[in-house]
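# Examination of the molecular architecture
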Amino acid sequence: MPRSHGTLRIAGAGTAAAVLMLSACSASGSGSPASGGQGVTGTVTVFAAASLKESFTTLGERFEKEHPGTEVTFNFGGSDGLAAGINSGAPADVFAAASAKTMKLVTDEGLTAGSPSTFVRNRLEIATTPGNPHAIDSLEDLTASGLKVVLCDETVPCGAAARTALTAGGVELKPVSYEQDVKSALTKVRLKEADAALVYRTDVRAAGDKVEGVEFPESAEAVNDYPIARLENAPNPSAAKAFVALVKSAQGQKVLAEAGFLKP
């Protein structure tokens, strides 16, 4: 909804329409150079891992209130796809990835302004349909005959983490599908198209009573660090700097902790 201080926009990841919209938004206002967040204006475009959607949306609204005249545009999706978009020239000011490996895809191209820094960590849970009707209590339980389990694709951080956890538990699992990001995997469970999924604990929390979370010890072997960085070719570098500062600030960390993220 429109607000007097700006309009936060959320774009889908991995589509031509999203890239076109982001191009238009970035061109609409690049902001004036400033330091320390003073005099920040214009559009700031943030590419962020799908698991950050709820907390970053909250922070985007806060950013617009603190900086009248700004707009925050988000592109949420699988970190690998976002990195590929940045490397292909999609206009973005900030990149927040769900793993150091996917951030490295961008840093290896020399596209970050300085070194990325880890701002939160995340770990996996098993998401089941409400009430956990199949009495899933462990990774081994996911191998039960007839059970429909979905995983994130191994090219995205939640899928890589799931593979690490399954290997740590000595569990061989054949999912009914591999999804391109963690929200897609969770949606399968929410719609009861799957009985369970391996997703982040933050996504289980965000889903409320639509799913039930089951903790498992092997998740400790697959904790993901989330790095954030300003981008070298950011259309609005001053706003990018201010947004990263908000994410790493005490108030930003409080929002992220309330969403279930762990301290770095």
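Residues numbered from 1 in each chain as written. Predicted model: local features only at pLDDT ≥ 70, side-chain atom pairs only at ≥ 80, totals over all residues. Heavy atoms only, no water.

Between two packed helices, the angle of one axis relative to the other and the distance separating the axes together describe the packing. Across the interface, helix H3 (residues 79–87) lies against helix H4 (residues 100–107) with an axial gap of 9 Å and an inter-helix angle of 5°. By the angle between their axes, H3 is roughly parallel relative to H4. On H4, the residues touching Ser-79, Asp-80, Ala-83, Ile-86 and Asn-87 of H3 are Thr-102, Leu-105 and Val-106. Split into classes, the residues belonging to the contact of H3 with H4 amount to four nonpolar, three polar and one charged. (Axes fitted to C-alpha atoms, helices over the stretch in contact; angles between N-to-C directions. Helix = DSSP H or I, 4+ residues; strand = E, 2+ residues; numbered from the N terminus. Parallel < 35°, antiparallel > 145°, perpendicular 65-115°, else oblique. Contact = heavy atoms within 4.5 Å. Nonpolar A, V, L, I, M, F, W, Y, C, P; charged D, E, K, R; others polar.)

On the basis of which strands lie adjacent, the open sheet formed by five strands has the order S8-S7-S9-S6-S10 and mixed pairing. In this open sheet, the two strands that pair with only one neighbour each are strand S8 (177–179) and strand S10 (212–214). Taken pair by pair, the neighbouring strands of this sheet meet at an average axis angle of 35°, ignoring direction. Relative to S10, strand S6 (residues 124–128) runs antiparallel, the two being bridged by three bridges. Along S10, the bridge assignment pairs Thr-128 with Glu-212. Its contacts with the sheet put helix H6 (residues 182–190) on S6, strand S7 (149–152), S8 and strand S9 (196–200), and the angle it makes with S9 is roughly 145°. (Pairing = 2+ DSSP bridges.)

Take the confidence of the model for the chain next. Chain-level pLDDT for the chain is 89 on average; 86% of the residues reach the 70-or-more range. Low pLDDT, under 50, characterises residues 1–7; the stretch is placed with 17 contacts to residues that sit more than four places away or in other chains. Across residues 13–36, where pLDDT falls below 50, the model places 39 contacts with residues more than four positions away in sequence or in other chains. (pLDDT = per-residue confidence, 0-100.)

Time to look at helix H2 (residues 53–66). Taking 1.5 Å per residue as the helical rise, H2 with its 14 residues ought to reach 20 Å, and the 20 Å between its terminal C-alpha atoms agrees with that figure. Three or more residues of H2 are buried, namely Ser-55, Phe-56, Thr-57, Leu-59, Gly-60, Phe-63 and Glu-64. (Expected span 1.5 Å × (residues − 1). Buried < 20%, exposed > 50% of the residue type's maximum accessible area, 1.4 Å probe, protein only.)

Tallied over the entire structure, the rule returns nine aromatic pairs. Aromatic pair Phe-56 and Phe-243: ring centres 5.6 Å apart, planes at 75°, arrangement edge-to-face. Note that Phe-56 is positioned in helix H2 and Phe-243 in helix H8 (residues 237–248), a separation of 187 residues in sequence. Side by side, Phe-56 and Phe-243 carry an identical accessibility label, which is buried. Where Tyr-200 meets Tyr-226, the ring centres are 6.0 Å apart and the plane angle is 65°; that geometry is what we call edge-to-face. Here Tyr-200, found in strand S9, pairs with Tyr-226, found in strand S11 (residues 224–230); they are 26 residues apart in sequence, far enough to count as distant. (Phe/Tyr/Trp six-rings, centres within 6.5 Å; stacked < 30°, edge-to-face > 60°.)

Another point: the state of the cysteines. Inspection of every chain in the model, using the stated rule, returns one disulfide. Covalently, Cys-152 is tied to Cys-158 through a disulfide, its sulfur atoms 1.9 Å apart. Across the S-S bond linking Cys-152 and Cys-158, the dihedral sits near -110°, which makes this disulfide left-handed. The exposure class assigned to Cys-158 is buried, which follows from its relative accessible area of 3%. (Disulfide = S-S within 2.5 Å.)

Glancing now at the pairing of S6. With respect to burial, S6 is a largely interior element, five of its five residues being buried. Along S6, one buried face is formed by Leu-124, Ile-126 and Thr-128 and the opposite face, lined by Glu-125 and Ala-127, is buried too. Direction of pairing for S6 relative to S9: antiparallel, over a ladder of five bridges. By the bridge assignment for S9, Glu-125 is matched with Val-199.

Looking only at H3, the buried set comprises Ser-79, Leu-82, Ala-83, Gly-85 and Ile-86. One side of H3 carries all its buried residues, which in axial view fall inside an arc of 160°. Tucked into the core, H3 has its buried residues touching strand S2 (42–49), strand S3 (70–77), strand S4 (94–96), H4 and helix H5 (157–168). (Arc of directions from axis to C-beta.)

So, on to the nonpolar core. Core analysis: the biggest nonpolar cluster contains 66 residues, and Leu-52, Phe-56, Phe-119 and Leu-142 have the highest contact counts within it. Excluding residues within four positions of it along the chain, Phe-119 makes contact with Leu-52, Phe-56, Ala-96, Tyr-226, Pro-227, Ile-228, Val-247, Lys-248, Gln-253, Leu-256 and Pro-264. Counting 13 residues, the second largest nonpolar core, distinct from the first, contains Phe-47, Ala-83, Ala-90 and Met-103. (Core = buried A, V, L, I, M, F, W, Y, C linked by side-chain atoms within 4.5 Å.)

Take the packing of H2 against H8 next. Between H2 and H8, whose axes approach to 10 Å, the crossing angle comes to 125°. Taken together, the axis directions place H2 and H8 in an arrangement best described as oblique. Judged by the twist between their axes, the crossing of H2 over H8 is right-handed. Listed contacts from H8 to Phe-56, Leu-59, Gly-60, Arg-62, Phe-63 and Glu-66 of H2 are Ala-239, Ala-242, Phe-243, Leu-246 and Val-247. For the contact of H2 with H8, the class distribution of residues is eight nonpolar, one polar and two charged. (Left-handed = near helix turned anticlockwise from the far one by under 90°.)

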